[in-house]
Amino acid sequence: MNKVRILGLGMVITGILIGYFFNRTEVHLLSGMLIGLGAGWTITGRFLSSYKARKSLIRSKS
């Protein structure tokens, strides 16, 4: 498990705890954002995806 996935898991747990312990609407927005970002980072394991990484390495000879 790399550092980004551990950070994502921590953000998901933090978001759930914030949403559970606070009753203000603004805090629920922050909680949802933390859970969403954390879930994405836990699944992908990286911060950004670059265009070069998605591009195929095989090039045509034309």
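The preceding data block contains the structure.
Residues numbered from 1 in each chain as written. Predicted model: local features only at pLDDT ≥ 70, side-chain atom pairs only at ≥ 80, totals over all residues. Heavy atoms only, no water.

**Looking at the overall build of the protein**
Then, in step 1: Of the regular secondary structure elements, the protein holds three helices and zero strands.
Then, in step 2: Seen in sequence order, the protein has helices and strands lined up from the N terminus as α-α-α.
Then, in step 3: Put simply, the protein has 62 residues, and 19% of those count as buried.
Then, in step 4: A sequence separation of at least 24 residues applies to 58% of the contacts in the protein between residues at least 6 apart.
Then, in step 5: Surface exposure of the protein reaches about 5,500 Å², of which carbon and sulfur atoms provide 67%. (Helix = DSSP H or I, 4+ residues; strand = E, 2+ residues; numbered from the N terminus. Buried < 20%, exposed > 50% of the residue type's maximum accessible area, 1.4 Å probe, protein only. Contact = heavy atoms within 4.5 Å. Areas by Shrake-Rupley, 256 points an atom, 1.4 Å probe, with all protein chains shown as cover.)

**Considering helix 1 (residues 3-21)**
Then, in step 1: Compared with an ideal rise of 1.5 Å per residue, which puts 19 residues at 27 Å, helix 1 spans 27 Å between its outermost C-alpha atoms and is within 8% of the ideal.
Then, in step 2: Buried residues of helix 1: Val 4, Gly 8, Met 11, Val 12, Gly 15 and Ile 18, and no others. Taken down its axis, helix 1 places every buried residue within 135 degrees of arc, on the same side. Residues Lys 3, Tyr 20 and Phe 21 are exposed on helix 1 and point more than 90 degrees away from its buried face. (Expected span 1.5 Å × (residues − 1). Arc of directions from axis to C-beta.)

**Looking at the nonpolar core**
Then, in step 1: Counting residues in hydrophobic clusters, the biggest one holds six residues: Val 4, Met 11, Ile 18, Val 27, Leu 34 and Trp 41.
Then, in step 2: Leaving out residues up to four positions away in the same chain, Trp 41 has contacts with Val 4, Arg 5, Leu 7, Gly 8, Met 11, Arg 46 and Phe 47. (Core = buried A, V, L, I, M, F, W, Y, C linked by side-chain atoms within 4.5 Å.)

**Here we look at helix 2 (residues 25-44)**
Then, in step 1: Along its 20 residues, helix 2 runs 29 Å from first to last C-alpha, staying within 8% of the 28 Å computed at 1.5 Å per residue.
Then, in step 2: Of the surrounding elements, those touching the buried residues of helix 2 are helix 1.

**So, the packing of helix 1 against helix 2**
Then, in step 1: Two elements in contact, helix 1 and helix 2, have axes separated by 7 Å at closest approach and are oriented at 155 degrees. When the interaxial angle is binned, helix 1 and helix 2 end up roughly antiparallel. Every pair of crossing elements has a handedness; the one defined by helix 1 and helix 2 is left-handed. Along the contact surface, helix 1 presents Val 4, Arg 5, Leu 7, Gly 8, Leu 9, Met 11, Val 12, Thr 14, Gly 15, Ile 16, Ile 18 and Gly 19, while helix 2 presents Val 27, His 28, Ser 31, Leu 34, Ile 35, Leu 37, Gly 38, Ala 39, Trp 41, Thr 42, Ile 43 and Thr 44.
Then, in step 2: Across the contact of helix 1 with helix 2, the residue classes tally to 14 nonpolar, nine polar and one charged. (Axes fitted to C-alpha atoms, helices over the stretch in contact; angles between N-to-C directions. Parallel < 35°, antiparallel > 145°, perpendicular 65-115°, else oblique. Left-handed = near helix turned anticlockwise from the far one by under 90°. Nonpolar A, V, L, I, M, F, W, Y, C, P; charged D, E, K, R; others polar.)

**Things to note about the environment of Phe 22**
Then, in step 1: Within the secondary structure, Phe 22 is located in the loop between helix 1 and helix 2.
Then, in step 2: Ignoring anything within four residues of it in the chain, the contact list for Phe 22 reads Val 27 and His 28.

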